[in-house]
Amino acid sequence: MKKLLLMIAATLMAVSCAQDKTPKYLVLYYSQTNTTKAVAEELCKKLGADIEEITPVNPYNGTYEETIARCMRERESGELPEVNPIAANLDDYDVIFFGYPIWFGTIALPAASALKNVDFSGKTVVPFCSFGSGGLEAGIKDLKAAQPKANILSGYGVRAARTDAIPAEVDRFLKEGGFIDGDYEEYEAFSAVRPASEAEVAIFNAAVGTYPMIQEKATNVASRPIPGGTEYLFDTNAPGIKIYVVAPNGKEPYFTRVVR
Ligand SMILES: Cc1cc2nc3c(=O)[nH]c(=O)nc-3n(C[C@H](O)[C@H](O)[C@H](O)COP(=O)(O)O)c2cc1C
């Protein structure tokens, strides 16, 4: 009986130790023009994580036009650019934050190439990305396809034009996900979808402005109050394309991401 009680006590202690253990985080990312890097560094700072950058053997250090031209060639040939081996031992980590820019609607080629050389099976992976207009959902879908045995959680994405928002949004993202402690304001759920009013269409048009990659028009909308303003989720005339817009009280509206 005494032996049994000791065994139960030992098991309970082992469980509680496992629960107390602070998870080890790795932030693994590729960034060409430093926007994704800014998110990676913020995650690293807030989590006390280790950080490693994915580096292509032949870096993408040309102009935007040269990068586009090179990517088009690589995409056509179906070849992924060679990247240097990852130094971190993934077995040392409980959670991997995996970051990349969005290129041609999905994970940038160097990060996609790195995914071929790593095995995230059984790991918890948190995706993050930066983009001109959007690509969070499509990137995560492709990440899941590339690493089907990983536990891929919901991710964070930010427009390159909104780098100022990174510290506050990363803080909230990590608190919501339970990765760091601290209070954050719960947002209401979006309202039911309704036809966008004239005033709402004007908000959409002001937010999207002359952004060259967005030709869609607002059709329906859902909204919710957020601190200091209103957030809208617009449907568009293009099936499946939705756009998140924030209208801060008394200030110009802006879009936060396009869902394609
Ligand atoms: C080759 C290339 C393709 C891109 N394709 C897209 C795209 O399909 N959608 C998008 O929203 N942004 C696109 N962008 C913009 C980048 O995603 C954006 O500038 C990103 O923040 C860059 O991240 P980085 O600074 O970490 O390199 C593209 C940029 C490049 C260079």
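For the structure, check the block above.
Structural notes, computed from the coordinates. (Residues numbered from 1 in each chain as written. Predicted model: local features only at pLDDT ≥ 70, side-chain atom pairs only at ≥ 80, totals over all residues. Heavy atoms only, no water.)

Let us now look at the sheet that holds strand β12 (residues 254–259). Taken in spatial order, the five strands make up an open sheet running β8-β9-β10-β11-β12, and their pairing is antiparallel. Two strands bound the open sheet, and with one partner strand each, they are β8 (194–195) and β12. Sheet topology note: the β8/strand β9 (residues 218–226) ladder contains two bridges and is antiparallel. Looking across to β9, one finds that Arg 194 is bridged to Val 221. (Pairing = 2+ DSSP bridges. Helix = DSSP H or I, 4+ residues; strand = E, 2+ residues; numbered from the N terminus.)

If you look at the biggest cluster of nonpolar residues, it comprises 30 residues, and the most contacted ones within it are Phe 98, Tyr 100, Phe 120 and Leu 143. Mapped onto this core, the elements with two or more residues apiece are β1 (25–29), β3 (95–103), α4 (109–117), β5 (124–131) and α5 (136–146). Leaving out residues up to four positions away in the same chain, Phe 98 has contacts with Leu 28, Ile 54, Ala 111, Leu 115, Phe 120, Val 125, Val 126, Pro 127, Phe 128 and Leu 143. Counting residues in each nonpolar core, the second largest holds 20 residues, with Tyr 25, Val 126, Val 158 and Phe 179 among its members. (Core = buried A, V, L, I, M, F, W, Y, C linked by side-chain atoms within 4.5 Å. Buried < 20%, exposed > 50% of the residue type's maximum accessible area, 1.4 Å probe, protein only. Contact = heavy atoms within 4.5 Å.)

Looking now at the site of the ligand. Around the ligand there are 21 residues in total, and Ser 31, Thr 33, Thr 36, Ile 102 and Ser 130 lie nearest to it. In the model, an oxygen atom of the ligand is placed 2.6 Å from a nitrogen or oxygen of the Thr 36 side chain. Separating an oxygen atom of the ligand from a backbone N or O atom of Ser 133 is a distance of 2.7 Å. Coverage of the ligand by the protein chains reaches 87% of its 650 Å² of free accessible surface. Of all the secondary-structure elements, those providing two or more residues to the shell around the ligand are α2 (35–47), α3 (64–77), β3 and β5. No other element matches α3, which puts four residues into the shell around the ligand. Classifying every residue of the shell around the ligand by side-chain character gives nine nonpolar, twelve polar and no charged. (Near = heavy atom within 4 Å. Polar contact = N/O pair within 3.5 Å; in protein donor to acceptor, adjacent residues only side chain to side chain. Areas by Shrake-Rupley, 256 points an atom, 1.4 Å probe, with all protein chains shown as cover. Nonpolar A, V, L, I, M, F, W, Y, C, P; charged D, E, K, R; others polar.)

Relative to the helices and strands, Val 125 resides in strand β5. By relative accessible area, Val 125 is classed as buried at 0%. Spatially, the C-alpha atoms of Val 125 and Phe 98 are 6.7 Å apart, while their sequence positions differ by 27 residues. Residues within four places of Val 125 in sequence aside, it is in contact with Ile 96, Phe 98, Phe 120, Leu 143, Ala 150, Asn 151, Ile 152 and Leu 153.

Turning our attention to the environment of Val 57. With respect to the secondary-structure elements, Val 57 resides in the loop between β2 (50–53) and α3. Separated by 53 residues in sequence, Val 57 and Pro 110 have C-alpha atoms that sit 9.5 Å apart. If sequence neighbours within four positions are ignored, Val 57 has contacts with Glu 82, Val 83 and Asn 84.

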